[in-house]
Each structure stands twice: as structure tokens, then as C-alpha cells.
Amino acid sequence: MYRDPLCPTDLGIILSYRCQSACKHCLYNCGPAWKDWMPLETLEEALQATTAWGHQFQIHLTGGEPFLNFPLLLQGVQLAAQLGIPCYVETNAGWCLEEKDVLEKFATLREAGLNAMFISCSPFHAEKIPPARTLLAITKALEIFGRQNVIVYLPHWIEQIQIFGIEKPTPLERYVEKFGLARAGRMLWDGYSIIPAGRSGYCLGHLTQKRPASAFKGENCFMEILYAHHSHFDLYGNYISWFCGGLTIGDWHDLPRILDDFEAHRFPPLIDILVRTGPFGLYDLGKEDYGYQELLEGYAGKCHLCVDVRRHLSGQGDFQELRPKEFYENVSPYPQSGGETGVSQRSGN
Ligand code: SF4
Ligand code: SF4
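Below: a short report on this structure. What you are looking at is a predicted structure, and each value in this text was computed from that prediction instead of being measured.

Focus on the sheet that holds strand 3 (residues 87-91)
Now for step 1: Here seven strands make up an open sheet; going across it, the order is 5-4-3-2-1-6-7 and the pairing mixed. Each end of this open sheet is capped by a strand with a single partner; those strands are strand 5 (150-153) and strand 7 (239-241). On average, each strand axis in the sheet is inclined to that of its neighbour by 25°, with strand direction left out of account.
Now for step 2: Sheet topology note: the strand 1 (residues 10-14)/strand 2 (residues 58-62) ladder contains five bridges and is parallel. Among the inter-strand pairings, L11 is bridged to a residue of strand 2, identified as I59.

Some details on the nonpolar core
Now for step 1: Core analysis: the largest hydrophobic core is formed by 100 residues, its most contacted members being I13, M117, A141, I225 and L274.
Now for step 2: Looking at this core, the element that brings in the most residues is helix 12 (residues 269-290), giving eight residues.

Overview of the packing of helix 3 (residues 99-111) against helix 5 (residues 131-145)
Now for step 1: Relative orientation of the contacting elements helix 3 and helix 5 amounts to 40°, with a least axis distance of 9 Å. By the angle class used here, helix 3 and helix 5 are oblique. The handedness of the crossing between helix 3 and helix 5 comes out as right-handed. Along the contact surface, helix 3 presents E99, V102, L103, F106, A107 and R110, while helix 5 presents L136, A137, K140, A141, I144 and F145.
Now for step 2: Considering only residue class, the contact of helix 3 with helix 5 consists of nine nonpolar, no polar and three charged.

Rules used in this analysis
Residues numbered from 1 in each chain as written. Chains lettered and ligands numbered in written order. Predicted model: local features only at pLDDT ≥ 70, side-chain atom pairs only at ≥ 80, totals over all residues. Pairing = 2+ DSSP bridges. Helix = DSSP H or I, 4+ residues; strand = E, 2+ residues; numbered from the N terminus. Axes fitted to C-alpha atoms, helices over the stretch in contact; angles between N-to-C directions. Core = buried A, V, L, I, M, F, W, Y, C linked by C-beta atoms within 7 Å. Buried ≥ 20, exposed ≤ 12 C-beta atoms within 10 Å, placed from the backbone. Parallel < 35°, antiparallel > 145°, perpendicular 65-115°, else oblique. Left-handed = near helix turned anticlockwise from the far one by under 90°. Contact = placed C-beta atoms within 7 Å. Nonpolar A, V, L, I, M, F, W, Y, C, P; charged D, E, K, R; others polar.

Take it as geometry only, folks, not as evidence of what the structure does.
Pasting the structure below:
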């Protein structure tokens, strides 16, 4: 009934989890605390590894913020072009201060064979990045790449992020003050189609309705894990299906073996639970065997439940699927302070 599992058509290569922003909606818990970058040889291996898939697909070079290491980004674009793999680059535009610099970098990538630019644009990004930089990135990308080859994600926010001024970042609270919590919640959460994975359930969960763990019983992750069109390879070797940050289905260096195993429905233990019974199955495991306690205020979605249980499990043992481990140390956008938005009471035993 289903085609072979693990056939992404858009594969992201995470060059680093390092990012100047640490957005509250980030699915990979990126931020300034991360230091590592993918070595060039690993980047070459990652691109070569994709040839294990026989079908046509595109890659995107991403992070974190890939422009924080422009030489590596440029080499990645050159390598993809040499291999004939269509490639786009994602950026948050935080580095776009000078028109000349932006033009030069975009033109250099274009000449190296880059097909398209993807520019993030949302109130979540605008909490850290002045909208003027996003607008500069969009304008210059259009000049260099042309309208067909610039993806603004999401374009309807271009006007909205300017309403509080463009020279400074805008705290999300300004939306709540102006529109009230319920309307701001709908605008922000629904208007971006937030996936409640990464740190978003903790930091933005107040913008949507929360539900108890039992509400997610019966929601498995069969499609997300096995049939994701969008997946990632990270710098540490983790193959991340769909947008499930912090969860690896295996080491992409062993891609042919992973593909064989998944075709035969041989999954790593936690992946098996998620494919069959979703995060409620993981919750059962966490509660029964590892002392997990449910969040009293509930969860902003099934992925919030999943991340919260995984976070607990990662502190209890060395689960191979819970990689990179630093993901679980960077749930808070303020890792140095240990502070955290939205995490409060757990049910006690
Ligand atoms: S979502 Fe924000 S923190 Fe995450 S990589 Fe993008 S810009 Fe950086
Ligand atoms: S619940 Fe977990 S495994 Fe399932 S889609 Fe969400 S993050 Fe991925």
C-alpha cells in the first residue's frame, strides 16, 4: 500500500546548530550556545551519501544560521553544483546589515551554482532580527536570484512585521498588547502553522490551547517518520526525519543500512514506539519505567509531549535516538540563565 519508507524529496544539511537568534519557535533548539560546524570532509560525505537514493531531489544548506560561516556555505554550494544536485540556502537575514555585503554574498553564491534563496520572515524571527534586515535580504535576493528563485517563508508576514517599526526587533508581547491574547495567539500560532516541537511548546504554548497527554493517545508518527518529504542530515551524523529535532533515526553515514532496515520495518526502539503508538507510547514508557511526570498545564500538541518525554529520557540514560544530546540542553532560549518560559508544574507521585 505504501511506497518505500524514507524517500525525502527535500533534504536539509544542517551545517551547524549555531544561530545568533535562539527563536522561541525553533524546531532544533538552535542558538548562540552551539559552537560546532560541519567539517568540509563531512559535508562532502553528506552530499555523496544522498546518492544512495536513486530518485531526484533537492537539498538545502541550513542551520542554525549558515551565513555565520560563509566560506563553508560557499564550499557546500560549489560541491552540490559539482554533483548536479539542485540546492537552495536558508537564512534568517540577521547578518544583512550592509547592502554591499548582502549583494556580494548572494552574487558569489549565485555564481557558484546556487539555485534559490529561502528567507525566513515571521514575528518569531523579528523578535531577534530587525525587520529592516529581512527586507534588505528579500530585496537583494530578488535582484540576484529573480522572483522565481526567492522563497520568503512566510510572505504574508512581510507587512505584519513592519507594524511596530523596522529598525528594532519586536517582542512578541507587543502583539498580545495590541490584539489581546486570544487574537494574537491565533495570528501567531495559527498564522505560522507552528509545529509544537523543539522549544515552541515551552516558549509559545500560552498562545494555543493545551491538552493533557491522554488527548494524544492514538496519534502515531508513522507518516512523519517514515514518509517525510522533508528531512535533515546534521553535522554529527544524525538523520532527522520530518521536523523532529533531537530525534535521530540513525547515522546517515550508514544510509544504505538504514534504508534496508526501514524497508524491513526494523526500527531503533524509541523510533519503533513512535511509529506505532506516537508520543503517547513514549509517555507510557517514560512514566512506567523512567519516572516521567506529566506537565499539569498540558501540552501544546503531540510534538510538545514527545519533546518533553524525550527530554526527560535523555537525562535518564544514553538513548541512541536522542541525538544530538545538546538539543535537550538548549530547550530554553536562555541556556546560560537556566531560565525557561512556560515550563511549570508536573504531576507528582
Ligand atoms: S528558527 Fe530561529 S533560532 Fe532556529 S535556526 Fe532559524 S533563526 Fe535560528
Ligand atoms: S511527536 Fe515526536 S516523532 Fe512524532 S512528529 Fe512530533 S516530534 Fe516527530
